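Remarks on the overall topology
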Amino acid sequence: MSDPIRVLLVDDHAMLRAGFRTILDIQPDITVVGEASTGAEAVAAASALRPDVITMDVQMPDMDGIEATRRIVADGDVQAAIAIVTTFDRDDYLFAALDAGAGGFLLKNSGPEDLIAAVRVLAAGDGMLAPEVTRRVVQRYATTAPEAAASTPSFEFAERLTDRETEVLALVAEAMSNAEIAARLFIGEATVKTHVSRVLQKLGARDRVQAVVLAHRYGLAR
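If you're wondering where the values come from, they're calculated on a predicted model, not measured in any experiment. (Residues numbered from 1 in each chain as written. Predicted model: local features only at pLDDT ≥ 70, side-chain atom pairs only at ≥ 80, totals over all residues. Heavy atoms only, no water.)

1. Details of helix 9 (residues 163-172)
Rules: Relative accessible area decides the class of each residue, using a 1.4 Å probe on protein chains only: under 20% of the type maximum gives buried, over 50% gives exposed, and in between gives partly exposed. Put simply, DSSP H or I for four residues or longer makes a helix, DSSP E for two residues or longer makes a strand, and each gets a number counted from the N terminus. Here, two residues are considered to be in contact whenever any of their heavy atoms come within 4.5 Å of each other.
Turning to helix 9, its buried residues are E165, V168, L169, A170, L171 and V172. Looking at the packing, one finds that the buried side of helix 9 touches helix 10 (178-185), helix 11 (189-203) and helix 12 (208-217).

Take a look at the structure:
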């Protein structure tokens, strides 16, 4: 069996962290390795514990979750995927979180199954955005004029994609997981992961969510 997914819970409400811990710790493939109640504690815990996934609140004392996310992502020694988990379905939080490097966005009124799925999806290297959130991201970012896009380094990288990589990127832009892409293209999941990694590198994208944005911006998505 593979090692369990290591999760760090960040929220200034102890009762909510306890609830998340209860939900996640009973999963055979997930273990909660730590908790933090402020952004500063989150940054320190991420560096010390090296979790695979971090659930990050936004509004916290000392340092908010957006800034904490930015600092954790900037730490090259920490490879954790970060899911913003907030009460507020606000565009400013959503876009600030994505700009900071978060790979997922989840509302606190989501069901336990959504939290579990988010942890597994992020640990697998996939982005996690609800369909309605994806639409808002595309509407916000996919408006760059063709002439502006052509002048950016990312567009130059996009031109280097192979036909298969372009096909994989189009499916990533449809919010499909690696497993779903593998089934659609009749290839192995490991092969999909390789293609996705190469796509991210060529686009200069930090993660799948940013790749989705770029795919729509440069007309590479269906």
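2. Comments concerning helix 4 (residues 91-100)
Within helix 4, the full set of buried residues consists of Y93, L94, F95, A97, L98 and A100. After helix 4 finishes, the residue G101 shows a positive phi value of roughly 115 degrees.

3. A few points about the confidence of the model for the chain
Convention followed: Each residue carries a pLDDT value, the predictor's own confidence for that position, ranging from 0 to 100.
When pLDDT is averaged along the chain, the result is 85; 86% of the residues meet or exceed 70. Across residues 144-151, confidence stays below pLDDT 50; counting only partners more than four residues off in sequence or on other chains, it has five contacts.

4. Looking at the sheet that holds strand 1 (residues 5-10)
Strand pairs in the sheet, formed through backbone hydrogen bonds, run parallel or antiparallel to each other. Inclusion rule: Any two strands with at least two DSSP bridges between them are considered paired. For helices, the fitted axis covers only the stretch in contact; all axes are lines through C-alpha atoms, and the angles between them, taken along N-to-C directions, range from 0 to 180 degrees.
The five strands lie next to each other as 2-1-3-4-5, forming an open sheet whose pairing is parallel. A strand with exactly one partner marks an edge of an open sheet, and here the two such strands are strand 2 (30-36) and strand 5 (104-107). For this sheet, the mean angle separating the axes of adjacent strands, direction not counted, is 25 degrees. Of the pairings in the sheet, the one linking strand 3 (residues 53-56) to strand 4 (residues 81-86) comprises four bridges and is parallel in character. By the bridge assignment for strand 4, V53 is matched with A81. Sheet strands in contact with helix 2 (residues 39-49) are strand 1, strand 2 and strand 3, and its direction is about 165 degrees off that of strand 1.

5. Some points on the pattern of salt bridges
What counts here: In the sections that follow, a salt bridge refers to a side-chain nitrogen of Lys or Arg positioned within 4 Å of a carboxyl oxygen of Asp or Glu.
All told, the structure shown has 11 salt bridges when counted by the stated rule. Two residues, R71 and E67, come together in a salt bridge whose shortest N-O distance is 2.9 Å. Note that R71 and E67 are positioned in helix 3 (residues 65-74) at a spacing of four residues, about one turn of the helix. A salt bridge links E167 to R164, with the shortest nitrogen-to-oxygen separation between them at 3.0 Å. Note that E167 and R164 are positioned in helix 9 at a spacing of three residues, about one turn of the helix. The class of E167 is partly exposed, set by a relative accessible area of 28%. Its relative accessible area of 31% is what places R164 among the partly exposed residues.

6. Overview of unusual backbone geometry
The phi torsion at D62 lies on the positive side, around 80 degrees, for a residue other than glycine. Taking the relative accessible area as the measure of exposure, D62 reaches 62% and is therefore exposed. Even without being glycine, F186 reaches a positive phi, approximately 60 degrees. Locating F186 in the fold gives a position in the loop between helix 10 and helix 11.

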